[in-house]
Amino acid sequence: MAMDALNKFSKTYKQDEILFSEYETGNSFYLIQSGKVKITKIVGETEKTLDILGPGDIFGEMAILEEAPRSASAIALSEVKTLHFNKENFEMLLQSNSAMAIKLLKLFSKRIYDARRKLMILSLEDDEAKVADVLLMLAEQKGYSPKEIKEFIEPMEIIITAQDIANWCGLKLDNVKKILSQFINMNRISMCGNSVVVKNINEISRYVSQKRKYPE
């Protein structure tokens, strides 16, 4: 399926137009060709911006993977041109455009990994262990295997905000900041801006393993 053929799946949205809303039923996803899209979610009574997406980015794909209601809203920040896929034309795409299919499959693989890891984090009953497991997850994403992490002896820098940690843990921001301060006092980490330096990642790994309900 060449890009010219894909144009029949093109849709254009005006600035401030809602592409889809949180909680509505979804059976399609989007690839941005031009313009920017804001992804938002209602937390309490506040609308929070989760991401700003641009050309080449894909969003809404969990509707294809999970057949679940939308977990966030998508709003055009400017005039936006997208390719709009549902299950039927997605299957056509996989069969006839290998480059885009590979890109999508890599993205879907990451989404599945993220969902699995978040479930592992949320399954921990101890809030401190949840924060530690986020740091462990980010170490894994640097390409280190569990064996390598358990043998790692150098300080490891991880770039993440306290708010992002809170999002992964399902905890309030103030609670996460308090836990991070405790970790600093215990000399487990140091922080400067959005940089977290883990002093001993294998110690973090052992700590999280001890807190899990099942042995690793």
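Quick summary incoming for the structure in this document. (Residues numbered from 1 in each chain as written. Predicted model: local features only at pLDDT ≥ 70, side-chain atom pairs only at ≥ 80, totals over all residues. Heavy atoms only, no water.)

Per the counting criterion, the structure on display carries six salt bridges. Residue Glu-140 is joined to Arg-117 by a salt bridge in which the shortest nitrogen-to-oxygen separation is 3.0 Å. You can see Glu-140 sitting in helix 5 (residues 127–141) and its partner Arg-117 sitting in helix 4 (residues 98–122), a full 23 residues away along the chain. Taking the relative accessible area as the measure of exposure, Glu-140 reaches 24% and is therefore partly exposed. Classification of Arg-117 as buried rests on a relative accessible area of 2%. Connected through shared salt-bridge partners, Arg-117, Asp-133, Glu-140 and Arg-212 make up one network. (Salt bridge = Lys/Arg side-chain N within 4 Å of Asp/Glu carboxyl O. Helix = DSSP H or I, 4+ residues; strand = E, 2+ residues; numbered from the N terminus. Buried < 20%, exposed > 50% of the residue type's maximum accessible area, 1.4 Å probe, protein only.)

With that settled, consider the side chain of Ser-205. Inspection of the secondary structure assignment puts Ser-205 in helix 9 (residues 201–211). Not counting chain neighbours up to four residues away, the residues in contact with Ser-205 comprise Leu-136, Ile-149 and Lys-150. (Contact = heavy atoms within 4.5 Å.)

Located in the positive-phi region is Asp-16, a residue other than glycine, with phi close to 75 degrees. Residue position: Asp-16 is located in the loop between strand 1 (10–13) and strand 2 (18–20). By relative accessible area, Asp-16 is classed as exposed at 56%. A positive phi angle, near 65 degrees, is found at Asn-187, a position not held by glycine. Among the secondary structure elements, Asn-187 is positioned in the loop between helix 8 (173–185) and strand 10 (189–192). Residue classification places Asn-187 among the partly exposed positions, given a relative accessible area of 49%.

This part covers the packing of helix 5 against helix 9. At a minimum axis separation of 9 Å, helix 5 and helix 9 run at an interaxial angle of 130 degrees. Between helix 5 and helix 9, the crossing angle belongs to the class labelled oblique. Classified by chirality, the crossing of helix 9 by helix 5 is left-handed. Between helix 5 and helix 9, the contacting residues are Glu-128, Ala-129, Ala-132, Asp-133, Leu-135, Leu-136 and Ala-139 on the first element and Ile-201, Ile-204, Ser-205, Tyr-207, Val-208 and Lys-211 on the second. Of the residues assigned to the contact of helix 5 with helix 9, the class counts are nine nonpolar, one polar and three charged. (Axes fitted to C-alpha atoms, helices over the stretch in contact; angles between N-to-C directions. Parallel < 35°, antiparallel > 145°, perpendicular 65-115°, else oblique. Left-handed = near helix turned anticlockwise from the far one by under 90°. Nonpolar A, V, L, I, M, F, W, Y, C, P; charged D, E, K, R; others polar.)

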